Structure formats: C-alpha cells, structure tokens
Amino acid sequence: QPAKSSAAKSEFIFARTLNRRKFLSRTSTALGTILAAPALIPASAIGGNGILPPSERVNMGFIGLGGQGTGHLLGGAWTYVTGGYIARKDVQVLAVCDVRKERREYAGTRCNQIYAEKFGQTGYSGVQTYNDFREVLARPDIEAVLLALPYHWAAPMATMAARAGKDVYCEKPIAITVREGLHLVDTFRRYARVYQAGTQQRSEYGGKFRQACEWVRNGRIGQLKEVYAYRQPGAFYPARWTSNDSQPVPAGLDWDLWLGPHPWRPFAGEAGHALSGCFVGDVNWSPHHYDIIQWTVNPDPTALVEIQYEPSMDRSAGAAHPAGAAGRPEDGQVHYHYSNGVVVHSMPYPNEPVGNDGGACFVGTEGRIAVDRASIASYPTNILKAPLRPNDTRVEHVSGHSGNFLDCVRSRRQTICHPETAVRTIHAILTGGIAMALRRTLRWNPVKAEFVGDEQANRLLSYTPRPPWIL
C-alpha cells in the first residue's frame, strides 16, 4: 500500500483505538447482560438428551438427491444406518442441493421436520436448499459433502469440493476418464482433504469380501491364477454422443447445470445417472466388484497390463461369427493379463439369470473361492473353515463405510477407499472399457498413464469439458 502521511497515520491510529474502545465497551455490556439473564440454552447447543454438542458433529451438505442421494440422507438401501445420515448423532445436515426443484424441496422440508422434532424447535429451518452446488461449496460452515451425481459430474465436483476445503464422500463411478482420476488424486493430495469412494463392499456385508481377500492373499487356494469378474468394465465413449431427440425441459429442472461439463445436448426425456448411449459397458455397478478384485490380486502398480478384447460368438443364426464385430462391443469379453501371472476375465451379462449380485470367483492351483453380497463359498469346502494364523497377512478392517468416512474427517486419516485406491479401480475399468470400445487388445502403462503405441486409444483418456467447467 502507498505510504501514509504523518497526519493520516495519526488519524488511522486514533480511529482504530476508538473502534477498539467501542468494541470492548459493547462486549462488556453484552457479557453482563448474558450473565444476568437466565440460562435458556437449548440442549442441542451444548449436548444433552442424547444430542452431541455442535463441536462433535460434522456439518454436511448433500448434493444430488435422487434415489441414492436421498437414501444416504434419509435412509435407504445404501446407508446401512437406520434413518440415514440425518439420524446420526455425529452429523449436522446444513444443506441439500439438486438441479430438480421437487427433489431439493422435499429433502429440505423433510430434514427440517426431523430436526424440529429432534431438537424440540418448532419451525426449525436450519437446512437450506440449493439449486447450484457452488453455493453449498462456498459455505465456510460446511465441512463435508456427500455427492450422489450423474456419472459425468462425480470427478469434477469432487475436485471442486476439495479445492473449496471440503471432505468428500462420492458415489460411483469416481471418474469417467483416466485423466479425471489422475486429477482427482492430485487435488486431494494437494489440499489434504479426506475422500471416500462409495465402494462399500470393503466395509459392509459381514466382512465376506475382506475374508475372501485375506484367504486368497494367504495362499489358501494355492497360487492365484485366474479371477472371474461377474461384471463388465466400461468407459465414456464420445463416438456414441448422438441424439436427434428433443423435448421441452420439465419445469423445475436446470438442464444446463445437469449437463455441466458434458457437450451440449437437447433434453430428450428423463436423464438418470447418464445420457443414453454415451457409455460402453458398465461404469456404475462394476466399481464395487473390480475394487475387491484389485484389493485381492494386488497387482504391481508399475507393471504393464495387457488388456485383451475377445468378441463373443453369436450362434443364434445357425453359424458362429463374432457378434462384437457387427453388434455391441459389450457382447465381448475383456481379459486383463497382469505381470504376476494372474488373468482377470470379465463375464458379460445381464442376460444370464445367474450372478445378478456381481461378485467374483478366485481360482488357484489348490481350490477356488467365490464371493458376492449374499454369500461366500469355497471348493474344497474346508478352505473357509480354517481360521487365519497369527502371522498371516491382514488387510484393513472397517465395520461401517459411512462411519469410516466420518471417523477420518475427525482424525484426518485415510479412508478405506481413499483416492489412490478408488482411482486404481476405476482406471482398471476404464482401460478395459476402452479396449471394449475399440474392440482390440491394448497394453496399459500405469506409470505413464497411457496405452503403449496406440494414439487412438490414448485420445479416449480424456475429453474436453464444456466451458466454464474446465478444471
């Protein structure tokens, strides 16, 4: 700033001193009034009646209020806590946000009703509703956000939240391009924020997946040779970005904000997680199962991976021919060949009646273990009967996914599905999806994060976001 004259300096010091005297005088008067008045402080402000004081609650905002987001907020199939986050004693919901007016208004009204009853405050209005998520991220009193979003928003919004100083619980698919995933890891490391991916199979379902991982890692099926993944990989595929349909945008829907970084496309009916035809394979359900496979196989993160695409054989017309060559690339299979000799096979469905729970089967030289959300089984059956020995390898043990996130928000430790873990999983899915989209075998270099000698494949590692959403 320019140097002040002596007169100006004197005036500045006088004004500052006068203001300090006024402040102290007013503070003293106010303090006296408070001490003289009866202590009518609600239990919710200091704790009591089973309510934690504000200092022990995590202030949260919820962005994306479809089935999964509302389930997390108010209670549903993915929360594993009766009543959702709003029922937790260690959480204070401050904001709900959605580009659909009816969703955010319902969630806001319901949350305020729940808190009015919980705190005994008629007309409680502490939960605010928002259309634009940037207003939520701008609030300094919000410590963490839960994101349950359309596929293309997951990584960009999580990245923006970290830059705004928020901790993040983010539902799948984590990212829709490899470069988004790399940017996500870098951003959370740089801003030292906590991130939990919504791949809760590591934490929930009675520990079945953790048990399978530990049994395989400790050689209970001999040397691991093959894994059958009962879900396909997938990827964002811009070549499918075509639509001639156009309908009026429904009242209360901010379609431009829903699209966000996606290239512009007219509204053409209900848009759920993703616009129709823009993806090859599966990027939403598969992260659960490939996360467990990556956890168990534990491949060398620096070694090349060969990703083989194999067209399926369609015999419906009486003669065998590769269906993937003329039909959908999803009709084929992808095989991941890792440097430790393990091969992971994707198993195409949904036409098969078996395997709707996803899961995986691990095949070794001395047996196999299959696991999904409903059950775990082995052959021979005695494999699962022998307990782990004291010196056996263990993996991280977490008994609740949401609880692990909140614990880490307080402790600043890494979650069980922190960015590096989550992105390693989604990169396996996306690279396999690119092989599927191009219908050929690719070689993946995880250190350089690129395909070896294939520029067409490398062009699918990112896409150009629509302004102003370029990070």
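A.B. asks: Honestly, the packing of aromatic side chains in this entry has me stumped. Any pointers?
C.D. replies: Here a ring pair, both rings aromatic, is described through the centre-centre distance and the interplanar angle of the planes. Within this structure, the stated rule accounts for 18 aromatic pairs. Measuring from centroid to centroid gives 5.4 Å for Phe236 and Phe279, while their planes differ by 55 degrees, and the two rings are tilted. Of the two residues, Phe236 sits in strand S8 (residues 234–236) while Phe279 sits in strand S9 (residues 279–281), which places them 43 residues apart along the sequence. Here the two residues Phe236 and Phe279 agree in accessibility, since each one is buried. Aromatic rings pair up to connect Tyr151, Phe236, Phe279 and Tyr463 into one cluster. Its guanidinium or amino end placed over the ring of Trp215, Arg220 lies 5.6 Å from that ring's centre, counting from NZ or CZ.

A.B. asks: Can you help me understand the nonpolar core in this one?
C.D. replies: Note on soluble globular proteins: their nonpolar side chains tend to be buried together. One finds Ile63, Phe133 and Tyr195 to be the most contacted residues of the largest nonpolar core, which totals 102 residues. Sorting elements by how many residues they give to this core places helix H13 (residues 419–438) first, with 11 residues. Apart from residues lying up to four places away in sequence, Tyr195 is in contact with Ala158, Val168, Cys170, Ile174, Leu184, Phe188, Thr415, Cys417, His418, Pro419 and Ala422. Among the nonpolar cores identified, the runner-up in size contains 28 residues, and Val93, Phe119, Tyr124 and Phe405 belong to it.

A.B. asks: What exactly am I supposed to notice about the sheet that holds strand S6 (residues 195–197) here?
C.D. replies: Strands pair in a sheet through their backbones, by hydrogen bonds, and they do so in one of two ways: parallel or antiparallel. Ordered by their spatial adjacency, six strands build an open sheet running S3-S2-S1-S4-S5-S6, and the pairing between neighbours is parallel. Two strands in the sheet have a free side with no partner beyond their single neighbour: strand S3 (128–130) and S6. Averaged over all pairs of adjacent strands, the angle between strand axes in this sheet comes to 20 degrees, irrespective of strand direction. Looking at chain direction, strand S2 (residues 91–97) and S3 are connected through three bridges and run parallel. Across the sheet, residue Ala95 finds its bridge partner in S3, namely Gln128. Helix H4 (residues 101–119) contacts S2 and S3 of the sheet and is inclined by roughly 160 degrees relative to S2.

A.B. asks: When you look at unusual backbone geometry in this model, what are you seeing that I'm missing?
C.D. replies: Note on backbone geometry: most residues besides glycine have negative phi, and most peptide bonds are trans. Cis geometry is adopted by the peptide bond preceding Pro173, which originates at Lys172 and carries an omega value of 15 degrees. With omega at 10 degrees, the peptide bond leading from Pro467 into Pro468 counts as cis. Mapped onto the fold, Pro468 is located in the segment after helix H14 (455–458). Despite not being glycine, Tyr205 shows a phi value in the positive range, around 60 degrees. Turning to its location among the elements, Tyr205 is positioned in the loop between S6 and helix H8 (208–217). Taking the relative accessible area as the measure of exposure, Tyr205 reaches 18% and is therefore buried. Not every positive phi belongs to a glycine, and Arg412 is a case in point at roughly 70 degrees. Given the relative accessible area of 38%, Arg412 is considered partly exposed.

A.B. asks: Where do I start with the side chain of His427 in this structure?
C.D. replies: In this fold, His427 is placed in helix H13. His427 sits in the buried class, given a relative accessible area of 9%. Not counting residues within four places of it along the chain, the set of residues in contact with His427 comprises Val178, Gly181 and Leu182.

A.B. asks: Which parts of the structure should I look at to understand the pattern of salt bridges?
C.D. replies: Opposite charge on two side chains permits them to pair, given that their charged atoms come into close proximity. A full pass over the atoms with the stated rule returns 16 salt bridges. One salt bridge in this structure joins Asp186 and Arg189, with 3.4 Å as the shortest N-O distance. One end of the pair is Asp186 and the other is Arg189, both in helix H7 (residues 178–191) and three residues apart, which spans about a single turn. Each of Arg88, Asp90, Asp407 and Arg410 takes part in one network of salt bridges that share partners.

A.B. asks: Where do I start with empty space enclosed by the protein in this structure?
C.D. replies: Rolled over the atoms, a probe with the dimensions of a water molecule shows which regions are left empty. Applying the stated criterion across every chain, the model contains one cavity of 30 Å³ or more. Looking at the largest cavity, its volume works out to about 30 Å³. Along its surface, the largest cavity is lined by Ile176, Thr177, Val178, Ala235, Phe236, Leu430, Ile434, Leu460 and Leu461. Across the lining of the largest cavity, the residue classes tally to eight nonpolar, one polar and no charged.

A.B. asks: Please explain the sheet that holds strand S17 (residues 376–379) as it appears in this structure.
C.D. replies: Strand order across the open sheet formed by nine strands is S17-S16-S15-S7-S14-S13-S10-S18-S19, with mixed pairing between neighbours. The outermost strands of the open sheet, each flanked by one partner alone, are S17 and strand S19 (450–451). Here three bridges tie strand S10 (residues 305–310) to strand S18 (residues 442–445), and the two strands are oriented antiparallel to one another. Looking at the pairing, Val305 lines up with Trp444 of S18. Strand contacts of H13: S10, strand S13 (333–337), S18 and S19, with the helix running at about 125 degrees to S13, the strand carrying the most contacts.

The rules we used
Residues numbered from 1 in each chain as written. Predicted model: local features only at pLDDT ≥ 70, side-chain atom pairs only at ≥ 80, totals over all residues. Heavy atoms only, no water. Phe/Tyr/Trp six-rings, centres within 6.5 Å; stacked < 30°, edge-to-face > 60°. Helix = DSSP H or I, 4+ residues; strand = E, 2+ residues; numbered from the N terminus. Buried < 20%, exposed > 50% of the residue type's maximum accessible area, 1.4 Å probe, protein only. Lys NZ or Arg CZ within 6 Å of the ring centre and 35° of its normal. Core = buried A, V, L, I, M, F, W, Y, C linked by side-chain atoms within 4.5 Å. Contact = heavy atoms within 4.5 Å. Pairing = 2+ DSSP bridges. Axes fitted to C-alpha atoms, helices over the stretch in contact; angles between N-to-C directions. Salt bridge = Lys/Arg side-chain N within 4 Å of Asp/Glu carboxyl O. 1 Å grid on protein atoms, 1.4 Å probe; cavity = no way out; pocket = protein on both sides within 12 Å on 5 of 7 lines; lining within 4 Å. Points joined across faces, edges and corners; volume = space filled by probe spheres on them. Nonpolar A, V, L, I, M, F, W, Y, C, P; charged D, E, K, R; others polar.

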